[in-house]
Amino acid sequence: MKKIFFTSLCLLSTVAMMAEGYQVNMQSQKQTGMGHTGTGQKLGATSIHFNPGAMAFMPGKFDFSMGTSGVLSENSFVHGVTGGKSESDNPMGTPLYFYGAGKISENLVAGIGITTPYGNSLKWGDNWDGRYLIQDIKLQTIFVSPTLSYKLNEKLSVGAGMVMAFGGVDLNRALNLRPLNAAFPDGKVNLKGNTTAYGYTAGIFYQISDKLSSGLSYRSKVLLKIDDGDADFTVNPAVATLFPDGKFASELPMPSNLTLGLGWQANEKWFFAFDLQMVGWSAYESLDFDFASNTAAVQDSKTPKKFENTMIYRLGASYTPTSSIVLRAGVYYDETPVQDYYLTPETPGTNKVGSSFGLSWLLNDKLSIDASLLRIIGQERKIDTHLYNFIGTYNTSAWLPGIGISYTF
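Since the model is a prediction, treat every value here as computed from it, not as a measurement. (Residues numbered from 1 in each chain as written. Predicted model: local features only at pLDDT ≥ 70, side-chain atom pairs only at ≥ 80, totals over all residues. Heavy atoms only, no water.)

Here we come to the overall build of the chain. When you go through the chain residue by residue, the secondary structure sums to three helices and 22 strands. In terms of C-alpha radius of gyration, the chain reaches 23 Å, essentially the compact-globule figure of 22 Å for 409 residues. Seen through its C-alpha atoms, the chain measures out along the principal axes to roughly 75 × 40 × 35 Å. Across the 409 residues that make up the chain, the buried fraction comes to 56%. Contacts spanning at least 24 positions in sequence make up 69% of the contacts within the chain whose residues lie at least 6 apart. Total accessible area computed for the chain in this model is approximately 16,900 Å², and 58% of it derives from carbon and sulfur atoms. The average position of the 32 basic charges and that of the 34 acidic charges among the side chains of the chain differ by 4 Å. (Helix = DSSP H or I, 4+ residues; strand = E, 2+ residues; numbered from the N terminus. Rg over C-alpha atoms; globule rule 2.2 N^0.38 Å. Buried < 20%, exposed > 50% of the residue type's maximum accessible area, 1.4 Å probe, protein only. Contact = heavy atoms within 4.5 Å. Areas by Shrake-Rupley, 256 points an atom, 1.4 Å probe, with all protein chains shown as cover. Lys, Arg positive; Asp, Glu negative; His and termini not counted. Charge placed at Lys NZ, Arg CZ, Asp CG, Glu CD.)

Written out as structure tokens, the structure is:
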């Protein structure tokens, strides 16, 4: 009997698409407006994400920032053999963030960050060409990051924190039952699970001169591990015993990030920033599934992913025309970790260019309203050699508007 390896199409690899593409760029409206730079800048509580070492230079006693964005993404695929075109119908994602920090002493600052750095919805539909690979997925994660930062002197500070990651995923894909009986319609499988994982962050900040600042930050790998996921099948009753509902276990390493940042206060109105980020995607070698109930059609699997380390190049600027308005702009280039042979429609990885704009309206010396708009365009990717023999051309893009507030006192 021919084996039906539905497991070889991952439950969790969609995390990789989100990290490479959209959600990682929406952790602050101010910084999104500047191409998501921030490692070499003094950002107050927002430094919890960008560089914990810089938080110690927070000017006020307390600092808060929160906001949300809308992710309006589009994905298309043109089949390399049939020429048929499929387009995703993705629900709008709504990533959010909250940062709060307070001074314990003149040199010691404590804070907490709550972010959703990975999470979105991808919906290709029930009957598209790649339905046996994926139909739709919903991924939700919440990262909670308690953080401490200490100022060693007037130029140098360090910081570190832990990361608690709470995640949930819900995936659907069709099952081709015709190898069992040519008259059978497609079946369906739903894979669902939740997990908690841990990691850490660390950073160092140095004020080189009155106008030039620098920073180095590190976010560790976080291993998302589902030990008690649910696999639910909908199939023809005649073959139901081959597809028993049951439990599964799987895991995925979310990569480390090492970022070097510079900030330059050119004059009273202009500020420029540059970040160079290395993403440790090579930790993602394969995706393995262990099912509690194995049959001839549902078996444990080990799927190679062979992701490669990547770089992200970020450039941002801000301009302050008046005491109450700050304008921002930025651009970045994000390399894909997915090699051609291992590309799948649930990880339609492409090299991406992001361009952003933003502004802050300072209502007074404590409160500001922050907004940003990010446009992401993926480089068209044509695949003619593929692990799953699913060849064709992928295109992806997104609009991401966002709004937030910042308060310091």
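What follows concerns the side chain of Asp63. With respect to the helices and strands, the residue Asp63 is situated in strand E1 (residues 62–69). The buried charged residue Asp63 lacks any salt bridge partner; its closest oppositely charged side chain belongs to Lys30, at an N-O distance of 6.8 Å. Within the structure, the side chain of Asp63 is placed 3.0 Å from the backbone nitrogen of Ala45, a separation counted as a polar contact. When sequence neighbours within four positions are dropped, the list of residues in contact with Asp63 reads Leu43, Gly44, Ala45, Met58, Tyr99, Gly100, Ala101, Tyr407 and Thr408. (Salt bridge = Lys/Arg side-chain N within 4 Å of Asp/Glu carboxyl O. Polar contact = N/O pair within 3.5 Å; in protein donor to acceptor, adjacent residues only side chain to side chain.)

The next point concerns the packing of aromatic side chains. Under the counting rule described, the total for this entry stands at 15 aromatic pairs. Grouped by ring-pair contacts, the aromatic residues Phe62, Phe64, Phe98, Tyr407 and Phe409 constitute a single cluster. It is Arg314 that lies over the ring of Tyr332; its NZ or CZ is 5.0 Å from the centre. (Phe/Tyr/Trp six-rings, centres within 6.5 Å; stacked < 30°, edge-to-face > 60°. Lys NZ or Arg CZ within 6 Å of the ring centre and 35° of its normal.)

Here we come to the environment of Asp227. Locating Asp227 in the fold gives a position in strand E11 (residues 222–234). Residue class for Asp227 comes out exposed when judged on its relative accessible area of 54%. With 56 residues separating them in the primary sequence, Asp227 and Leu171 have C-alpha atoms 16 Å apart. For Asp227, the residues in contact, after removing those within four places along its chain, are Phe248 and Ala249.

Membership of the largest hydrophobic core comes to 52 residues, with the highest contact counts inside it found for Phe233 and Phe243. At the level of elements, strand E7 (136–151), strand E8 (156–175), strand E9 (187–207), E11, strand E12 (246–254), strand E15 (286–291), strand E20 (367–378) and strand E22 (392–408) are the ones that each hand at least two residues to this core. In terms of nonpolar packing, the next biggest core, distinct from the first, is built from eight residues, Ala45, Ile48, Met58 and Tyr99 among them. (Core = buried A, V, L, I, M, F, W, Y, C linked by side-chain atoms within 4.5 Å.)

The subject of this paragraph is the pairing of E20. In E20, alternate side chains face the same way, and those of Ser368, Asp370, Ser372, Leu374, Ile376 and Gly378 are buried while those of Leu367, Ile369, Ala371, Leu373, Arg375 and Ile377 on the opposite face are not. Counting the residues in the hairpin turn of strand E19 (residues 352–362) and E20 gives four residues. Summarising the sheet, E20 and E22 pair through eleven bridges and their orientation is antiparallel. Residue Ile369 lies in a different strand from E22, and its bridge partner there is Ile405. (Pairing = 2+ DSSP bridges.)

The tally for this structure, following the rule as stated, stands at eight salt bridges. Residues Arg131 and Asp186 are paired through a salt bridge, measuring 3.0 Å at the closest nitrogen-oxygen approach. One end of the pair, Arg131, is in the loop between strand E6 (119–123) and E7; the other, Asp186, is in the loop between E8 and E9, with 55 residues separating them in the sequence. Under the relative-accessibility criterion, Arg131 is labelled buried at 18%. According to the relative accessible area criterion, Asp186 is partly exposed, its value standing at 29%. For Asp230, the salt bridge goes to Lys247, with nearest N and O atoms at 2.4 Å. Of the two residues, Asp230 is situated in strand E11 and Lys247 in strand E12; the sequence distance between them amounts to 17 residues. If you follow the salt bridges from partner to partner, you end up with Arg131, Arg178 and Asp186 in one network.

Alignment of E7 against E8, held across 14 bridges, turns out to be antiparallel. Within the sheet, the bridge partner assigned to Gln140 lies in E8 and is Gly168. Joining the antiparallel neighbours E7 and E8 is a turn of four residues.

Assignment of secondary structure puts Lys85 in strand E3 (residues 85–87). By relative accessible area, which is 55% here, Lys85 ends up exposed. Along the primary structure Lys85 and Lys306 are separated by 221 residues, whereas in three dimensions their C-alpha atoms are 28 Å apart. Beyond its immediate sequence surroundings of up to four residues, Lys85 is in contact with Ser76, Phe77 and Val78. There is a polar contact of 3.4 Å between the side chain of Lys85 and the side chain of Glu87.

Within the chain, residue pLDDT values average 87, and 91% of them lie at 70 or more. Note on residues 1–23: pLDDT is under 50 here. Beyond four places in sequence and across chains, it has 114 contacts. (pLDDT = per-residue confidence, 0-100.)

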